[in-house]
Number of protein chains: 2
Amino acid sequence: MTADPRFSLNQWTTRHWPLPDLVSGCAAEGVRGVGLWREPVAEYGPTRAAKLVRDAGLAVTSLCRGGFFQREGAIAENRRAIEETAALGAPVLVLVSGGLPDGSRDIDGARARVADALAELAPYAGEHGVRLAIEPLHPMFASDRCVVATLGQALDLAAPHPAAQVGVVIDTYHLWWDPAAYADIARAGREDRLAIFQVADWTTPLPEGVLTGRGMLGDGCVELRRFREAVDATGYDGPIEVEIFNEDLWATPGEKALTLTLSRFAEHVL
Amino acid sequence: MTADPRFSLNQWTTRHWPLPDLVSGCAAEGVRGVGLWREPVAEYGPTRAAKLVRDAGLAVTSLCRGGFFQREGAIAENRRAIEETAALGAPVLVLVSGGLPDGSRDIDGARARVADALAELAPYAGEHGVRLAIEPLHPMFASDRCVVATLGQALDLAAPHPAAQVGVVIDTYHLWWDPAAYADIARAGREDRLAIFQVADWTTPLPEGVLTGRGMLGDGCVELRRFREAVDATGYDGPIEVEIFNEDLWATPGEKALTLTLSRFAEHVL
């Protein structure tokens, strides 16, 4: 019962832990927040998931994920994601904006499509009390997952919209390399855009496909505490989600993975 | 005998092609420039290599590479690299600035070390008629190869030094994702920093370790022609080096790899 009140376990960190076990495991450790993903929530049933989490005294800190605006039917799909976020009582829908369409080289066009989609979706999010959070992903994902590659770019995309409707995600894994990272975190604070803060560490060598290469807190080279302090300095006092995609961690039983994550969080983030 | 006069074959594109074969193969195709690497040059003998290339009527467009400023003895090692560049009659020494020292999380410190090393080396380069070219590498290499991750950052590092002593490398593979890429290319032109232009394409999925994932021209999503036009618009009319690290290409016989590269260059870059 010692977890820091801002600690939130993103569900993908313990990807194979069934939702009821994850919820009871978190409650047993005094964890107060979880970040959920649409697929496991849909599998369990959104209404049941919402009740399960609420009954355990946990808050859903974000839902992953909307976005992928290049896909056919993306607007309708994102409307559903907004509705699910509201149904879960989560304040934030994380947006992974999508890469280039197959065979396309038009990165400017893909970025313009993100801006257009935000304009279509922001009011709908507002009506549902949901904040869209644009997540800049590491540039190694720019072609296949997310053409939004820097925090500055995410802030520019958010700028035309009310801050209550569109914010940004700050994730240490994606941003640690950026010479402008700390200046842009301060800007996110000034512009009131900081919707959610996520942490993971950077380790090499990267695995094939690079998606599952995120490191456990403290195993890599990211100045996690410096990031947390910079985020705190903006006035943000919301949840800090741990989101680590890592095969070794996924092969670890959920409770053990959570215990490790909590201890590393205390050691390297707080 | 139809190669574009600006085309230059970077030696690492046909990594296993012995230097004499590479030189005669290039000459047979009318190629006028080659980018060489220190290791194979050292193996062949620098003086012999210089004569071989010169006798075939080829110019050495750059030498790869100096840098790795975090390593012990880096300054002495870079002085030797400058001397070798001069001995080859190459105008440019490409600098891969190095990542974080083992166990370090001090990215600002590593970047400051790059600035300090440049200050030590720039005059020595000038004395030898060699221009140091800071290469920003893709941010996925920031921890283990190069803490210089954007063209803007490279230009900031070059700024304190005479343009004849310190310039930058523009490599499409490393920069294509950057929202500021074209603005920074124009800036490189205005500040007279464009030392060498290199091209490769971006493809996914990335292989384990990501180093050898570069794509043949036209196989990926980079707007190669747009980059070339932006570089041309600065007034740069120097060599365009093709530098592709790719296992499939390395397994292709040198002459066949060169023919393919020339044809793709004509199709996608010119």
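Please refer to the structure higher up on the page.
**Q** Give a description of the nonpolar core that names residues and reports values.
**A** Residues Val168 of chain A together with Val168 of chain B are the most contacted members of the largest nonpolar core, which totals 186 residues. If we ignore the near neighbours within four places in the chain, the residues touching Val168 of chain A are Ala133, Ile134, Leu151, Ala154, Leu155, Ala158, Ala188, Arg193, Leu194 and Ala195 of chain A.

**Q** Report on the sheet that holds strand S6 (residues 166-171) of chain B, specifying residues and quantitative values.
**A** Residues and elements named next belong to chain B. One closed barrel accounts for eight strands, arranged S1-S2-S3-S4-S5-S6-S7-S10; its pairing is parallel. Across the sheet, the mean angle from the axis of one strand to that of its neighbour is 30°, orientation sign disregarded. In terms of strand pairing, strand S1 (residues 7-10) meets strand S10 (residues 240-242) through three bridges, oriented parallel. Across the sheet, Ser8 pairs through a bridge with Glu241, a residue of S10. Its contacts with the sheet put helix H5 (residues 107-127) on strand S4 (92-96), strand S5 (131-134) and S6, and the angle it makes with S5 is roughly 145°.

**Q** So, the packing of helix H1 (residues 19-28) of chain A against helix H11 (residues 254-268) of chain A: which residues are in play, and what are the values?
**A** Residue and element names in this part refer to chain A. Where H1 meets H11, the axes come as close as 10 Å, and the angle between the chain directions of the two elements is 40°. The angle between H1 and H11 places the two elements in the oblique class. Note that H1 runs across H11; the crossing there is right-handed. Facing H1, whose interface residues are Asp21, Leu22, Gly25 and Cys26, H11 presents Gly254, Glu255 and Leu258. Tallied by class, the residues present in the contact of H1 with H11 amount to three nonpolar, two polar and two charged.

**Q** Could you give an account of the pairing of strand S7 (residues 194-199) of chain B, naming the residues involved and the relevant values?
**A** Residues and elements named next belong to chain B. Among the six residues in S7, six count as buried, and that is most of the element. Alignment of S7 against S10, held across three bridges, turns out to be parallel. Bridge pairing in S10 links Val199 to Val242.

**Q** Requested: an account of the sheet that holds strand S2 (residues 33-37) of chain A, with residues and values cited.
**A** Residue and element names in this part refer to chain A. With respect to topology, eight strands assemble into a closed barrel ordered S1-S2-S3-S4-S5-S6-S7-S10, the strand pairing being parallel. For this sheet, the mean inter-axis angle between neighbouring strands, taken without regard to orientation, is 30°. Bridge count between S2 and strand S3 (residues 59-67): five bridges; the pairing is parallel. Counted as the bridge partner of Trp37 is Cys64 from S3. Its contacts with the sheet put helix H6 (residues 151-158) on strand S5 (131-134) and strand S6 (166-171), and the angle it makes with S6 is roughly 170°. Along the sheet, H11 makes contact with strand S1 (7-10) and strand S10 (240-242), crossing S1 at roughly 140°.

**Q** So what's going on with the interface of chain A and chain B? Residues and values would help.
**A** Of the residues lining the interface, 25 residues belong to chain A; the matching set on chain B comes to 25 residues. Broken down by class, the residue content of the side of chain A that touches chain B amounts to 14 nonpolar, seven polar and four charged.

**Q** Before we move on, can you summarise the relation of the copies chain A and chain B with the specific residues and values?
**A** The operation relating chain A to chain B is a screw motion whose rotation component is 180°, with 0.0 Å of axial translation and a residual RMSD of 0.0 Å. Such a combination of rotation and displacement between the chain copies is what one expects of a two-fold axis. Considering only C-alpha atoms, the part of chain A nearest the rotation axis is Glu208 of chain A, at 1.9 Å. Mapped onto chain B, 100% of the interface residues of chain A are again interface residues, and the two copies thus contact each other with one and the same surface.

Analysis parameters
Residues numbered from 1 in each chain as written. Chains lettered and ligands numbered in written order. Predicted model: local features only at pLDDT ≥ 70, side-chain atom pairs only at ≥ 80, totals over all residues. Core = buried A, V, L, I, M, F, W, Y, C linked by C-beta atoms within 7 Å. Buried ≥ 20, exposed ≤ 12 C-beta atoms within 10 Å, placed from the backbone. Contact = placed C-beta atoms within 7 Å. Pairing = 2+ DSSP bridges. Helix = DSSP H or I, 4+ residues; strand = E, 2+ residues; numbered from the N terminus. Axes fitted to C-alpha atoms, helices over the stretch in contact; angles between N-to-C directions. Parallel < 35°, antiparallel > 145°, perpendicular 65-115°, else oblique. Left-handed = near helix turned anticlockwise from the far one by under 90°. Nonpolar A, V, L, I, M, F, W, Y, C, P; charged D, E, K, R; others polar. Least-squares fit on C-alpha atoms with pLDDT ≥ 70 in both.

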